[in-house]
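Listed below are the residues making up each chain.
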Amino acid sequence: MIKSKTAIKIRKAHRYLGLFLGIQFLFWTISGLYFSWTNIDEIRGEHLINKNIPLKDFSELISPSKLNESNINSIELRDISGVPYYWINNANLYNAYTGNLKYSITKNEAIDIAKQNLARGLEIKSINYISTVDKHHEYRNKLLPAYVISFKDKKNIKAYVSSLDGKFQTVRHRNWRWFDFLWMTHTMDYESRDNFNNTLLRAFSLLGLITVLSGFTLWFTSSPTIRKIFFNKP
C-alpha cells in the first residue's frame, strides 16, 4: 500500500507540475483550436492569388547555348513585364531576346509581377527593398534580396517578389501572421519557429506525460473504491 506521505508527495508534484506547465498547455490548446477552425488555403493566401494568368507565346528567342554560361543544369522562362527572361542554374537572369545579363529587376517590374499574380482590386500603398531578414521574419527561408509590396487593406496584405529572378514568392496577411505566431508557441521553437524537434518541446512533452501519469497515480491512491479493492481499506 502507498503510504500517506508518498501520496502527499505525489499530490504536490502533480500540483506544481500542472502550475509550471499550465501556460504552455494553454498555448497548445489555443493554437490547436485556431489550427482546427481555420482554412489552411486561406491562411496561405490562396484566395488572394490570381490562378488564371494568361500564358504568353514568345518567339524568336535566343538559344540558351549562346548565353555566357559554361554549363546549364536548369533553365526556366520568366515573363517580366512582357519581356521573356531565362533563369539559369538558379543563379542568373538573362534577357531571352538579347542574351544580356540582368542583375536585378526594377521596382516597376516587381509591381507588375505582383499585380499579375494577385487578385484584382488591391491598391498598392508602398514598395520597399529588403536584402536581409531575421529568423522570425514572415519572408524567412526565401530568396533575397526582394521587393515587398504593401497594399491598402485592413488585413495588411504584403506581396514578396525576389529581385534576382523576378519571381513572385509569396503573399502574407494578418491571419497568416496570427497562424505563424501560434505555430511558434505550438512548436516552442522561439528561435526560428519551424523546428519541431527542439529540446524545449521535447522536455515539455516529457513533463506533460509525467504530469498526466502523476494525475492517474493520484487518483489511484486516493480513490476509496481502489483502496477497497486493492488494499482492503474502507
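Residues numbered from 1 in each chain as written. Predicted model: local features only at pLDDT ≥ 70, side-chain atom pairs only at ≥ 80, totals over all residues. Heavy atoms only, no water.

Peer 1: Report on the pattern of salt bridges, specifying residues and quantitative values.
Peer 2: A complete count under the given rule lists nine salt bridges for this structure. Two residues, R78 and E76, come together in a salt bridge whose shortest N-O distance is 2.6 Å. Given the relative accessible area of 9%, R78 is considered buried. Linking K152 and E123 is a salt bridge whose minimum nitrogen-to-oxygen distance equals 3.2 Å. A residue pair is termed long-range when its members are at least 10 positions apart, and K152 in the loop between strand 6 (146-151) and strand 7 (158-162) and E123 in the loop between helix 3 (107-117) and strand 5 (124-130) qualify at 29 residues. A single salt-bridge network, built from bridges that share partners, covers E76, R78 and D165. (Salt bridge = Lys/Arg side-chain N within 4 Å of Asp/Glu carboxyl O. Buried < 20%, exposed > 50% of the residue type's maximum accessible area, 1.4 Å probe, protein only. Helix = DSSP H or I, 4+ residues; strand = E, 2+ residues; numbered from the N terminus.)

Peer 1: Run through a nonpolar patch on the surface, naming residues and quoting values.
Peer 2: Together, L209, V212, L213 and F216 line one region of the surface with nonpolar side chains, adding up to about 400 Å² of accessible area. By secondary structure assignment, the location of F216 is in helix 5 (residues 199-222). (Patch = residues over 30% accessible without salt bridge, like charges linked within 9 Å, V, L, I, M, F, W, Y side chains within 5 Å. Areas by Shrake-Rupley, 256 points an atom, 1.4 Å probe, with all protein chains shown as cover.)

Peer 1: Any details on the pairing of strand 3 (residues 92-95)? Residues and values, ideally.
Peer 2: Taken together, the four bridges between strand 2 (residues 83-88) and strand 3 define a ladder with antiparallel strand orientation. Bridging across to strand 3, Y86 finds its partner in Y94. What sits between the antiparallel neighbours strand 2 and strand 3 is a turn of three residues, in which N89 has the positive phi angle 55 degrees. (Pairing = 2+ DSSP bridges.)

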